[in-house]
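# Fold and geometry: a report
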Amino acid sequence: MRILHTADWHLGKIVNYVHMTEDQQFILDQFIQIVEKEEPDVIIIAGDLYDRSIPPKQAVDLLNKTLTKFINDFNIPVLAISGNHDSPDRLQFGTDLFRRQGLFLDTKIKPDREPVTLYDEEGPVHFHLIPYVEPAEVAHVFDDSSIRSHQQAAERLIEDIKERFDMDERHVWIGHSFLAGGMETESEERLSMIGGSPYIDARLFEDFSYVALGHLHQAQRVTADHIRYSGSILKYSFSEANHNKSVTMVELEANGSCQINKTPLVPERDFEMVEGYFEELLGGDAAADPHNYLHVRLLDDGQLIDPMGKLRKVYPNILHLERRRTATNNSYEELHKVKERQKLSHQDLFHSFYEDIKGDSIPEHRKDLVLQAIELLKEKERGE
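Cut-off values and rules
Residues numbered from 1 in each chain as written. Predicted model: local features only at pLDDT ≥ 70, side-chain atom pairs only at ≥ 80, totals over all residues. Heavy atoms only, no water. Patch = residues over 30% accessible without salt bridge, like charges linked within 9 Å, V, L, I, M, F, W, Y side chains within 5 Å. Areas by Shrake-Rupley, 256 points an atom, 1.4 Å probe, with all protein chains shown as cover. Salt bridge = Lys/Arg side-chain N within 4 Å of Asp/Glu carboxyl O. Lys, Arg positive; Asp, Glu negative; His and termini not counted. Charge placed at Lys NZ, Arg CZ, Asp CG, Glu CD. Helix = DSSP H or I, 4+ residues; strand = E, 2+ residues; numbered from the N terminus. Buried < 20%, exposed > 50% of the residue type's maximum accessible area, 1.4 Å probe, protein only. Domains from an automatic or database assignment. Contact = heavy atoms within 4.5 Å. Buried area = accessible area lost by both parts, 1.4 Å probe. Polar contact = N/O pair within 3.5 Å; in protein donor to acceptor, adjacent residues only side chain to side chain. Nonpolar A, V, L, I, M, F, W, Y, C, P; charged D, E, K, R; others polar. Pairing = 2+ DSSP bridges. Axes fitted to C-alpha atoms, helices over the stretch in contact; angles between N-to-C directions. 1 Å grid on protein atoms, 1.4 Å probe; cavity = no way out; pocket = protein on both sides within 12 Å on 5 of 7 lines; lining within 4 Å. Points joined across faces, edges and corners; volume = space filled by probe spheres on them. Core = buried A, V, L, I, M, F, W, Y, C linked by side-chain atoms within 4.5 Å.

## Remarks on a negative patch on the surface
There is a patch of like negative charges on the surface, built from Asp41, Glu121, Glu122 and Glu253. Note on placement: glutamate 253 falls in the loop between β15 (246-252) and β16 (258-264). The exposure class assigned to glutamate 253 is partly exposed, which follows from its relative accessible area of 34%.

Printed below as a string of structure tokens:
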């Protein structure tokens, strides 16, 4: 069976106040051409179809147009799940009707759920669609209050699959989660750490024929070739400037082994970081393409008059302009502090902020209030 794996479209994304819809249209047109050429038996979209719970009209139209092309024109089934940026309730609308047309979209965990089973000449392939969920949602479905972390939630879901299905057959896990060992970037919103670490041990998935993941934006394997993130379809921050975006083509054999190839996606405007002296940059040769999205670092020490305005006449898509820091040690210390804070949960970040402002630890009763507020905000963001 030929499986085309993609994820993290983030339709409706805004980067540095620039709407990316035109760039997403360009890359999805390219994706459609890949589908025409490769003729997959099934397309997987592993979460984060949209960039926010209430996407703009242009993003909805683009998704509708693309999925209609796959299902109506190519007659290829699409298996998709919601990610942490999507609204499960909004994406769920019409899903039962869509299934009859070949669009299988799961947004919530249900008791006794069944996989989507497709057949090739070698027999059945069972696709388990596991949308992004908080541990509490899994605990509720299984009536098990001991489930408090993403690791425990994944363990229980996989245990349920192994109890009810024959693992000697071919099984594919479609998920949107954070596997330990995966490489993240700045454009990924950290999954919730309330109730424990968001990381999941990749060894849990060893018995699946293929594991199609979304959330991390860099295409990568995690511990084994068949456990993979396809990566995002576009670069969404300058931390991804060195990424090579692609979609993943999987040839699933009769014995459950996989042959994997990546097909590159080439954007209309790339993300690029350039640096140099102001006068040199005005020459127009600093970027691989002057129309790329640029992060520019100026090396000049003296005063400059309207550098952004003048540089944008040469490079119209500069998204960020900065001056070189002279206090090298301070910059390294600040970078270290930023990286350390990125590891903190939302709750711990607030506790740190409280201590900085008050000069004292946050009281226990206020910790509970902060936790309740964070959970409420998360529910509103996901449209629940």
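## As for the domain arrangement of the protein
When the domains of the protein are assigned, the result is domain 1 (2-264), domain 2 (271-323) and domain 3 (337-382). Measuring from the centre of the C-alpha atoms in domain 1 to the corresponding centre in domain 2 gives 37 Å. Contacts between domain 1 and domain 2 engage 10 residues on the former and eight residues on the latter. Among the residues domain 1 hides against domain 2, the three largest losses belong to Asn16, Lys235 and Phe238. Together they make up 60% of the total. Seen at the junction of domain 1 and domain 2, the total is zero salt bridges. Summed over the shared surface of domain 1 and domain 2, the result is two residue pairs in polar contact (both at pLDDT 80 or more). Class assignment for the residues of the side of domain 1 that touches domain 2 results in six nonpolar, two polar and two charged.

## Notes on the sheet that holds strand β19 (residues 318-323)
Strand order in the open sheet formed by three strands is β17-β18-β19, and the pairing between neighbours is parallel. Lying at the two open borders of the sheet, with one neighbouring strand each, are β17 (271-276) and β19. Along the sheet, successive strands turn relative to each other by an average axial angle of 15°, direction set aside. When strand β18 (residues 293-298) meets β19, the two strands line up parallel, connected through five bridges. Across the sheet, residue histidine 295 finds its bridge partner in β19, namely histidine 320.

## Here's the deal with the pattern of salt bridges
For the structure on display, the rule yields 24 salt bridges. The partner of arginine 2 in a salt bridge is glutamate 251, and the shortest N-O contact between them spans 2.1 Å. On the criterion of sequence distance, the pair formed by arginine 2 in strand β1 (residues 2-6) and glutamate 251 in strand β15 is long-range, its members being 249 residues apart. With a shortest N-O distance of 3.3 Å, aspartate 23 and arginine 269 are connected by a salt bridge. Remark: arginine 269 occurs in the loop between β16 and β17 and aspartate 23 occurs in helix α1 (residues 21-38); sequence separation between them is 246 residues. One exposure class covers both aspartate 23 and arginine 269, and it is buried.

## Concerning the layout of surface pockets
To find leftover empty space, a probe the size of one water molecule is rolled over the atoms. For the second largest pocket, the calculated volume is near 480 Å³. In this structure, the second largest pocket is lined by 20 residues; those nearest its centre are Leu63, Asn64, Leu67, Phe98 and Leu103. By residue number, the principal contributor to the lining of the second largest pocket is helix α2 (residues 57-73), which donates seven residues. Tallied by class, residues from the lining of the second largest pocket come to 13 nonpolar, six polar and one charged.

## Looking at the nonpolar core
Among the nonpolar cores identified, the biggest contains 37 residues, and Trp9, Phe31, Ile43 and Phe70 are the most heavily contacted of them. Of all the elements in the fold, those that place two or more residues in this core are α1, β4 (42-46), α2, β5 (78-81), β6 (103-106) and β15. When near neighbours in sequence (up to four residues on either side) are disregarded, isoleucine 43 contacts Leu4, Phe31, Val35, Phe70, Ile76, Pro77, Val78 and Leu79. Residues Ile130, Met167, Phe178 and Leu179 belong to the second largest nonpolar core, which totals 30 residues.

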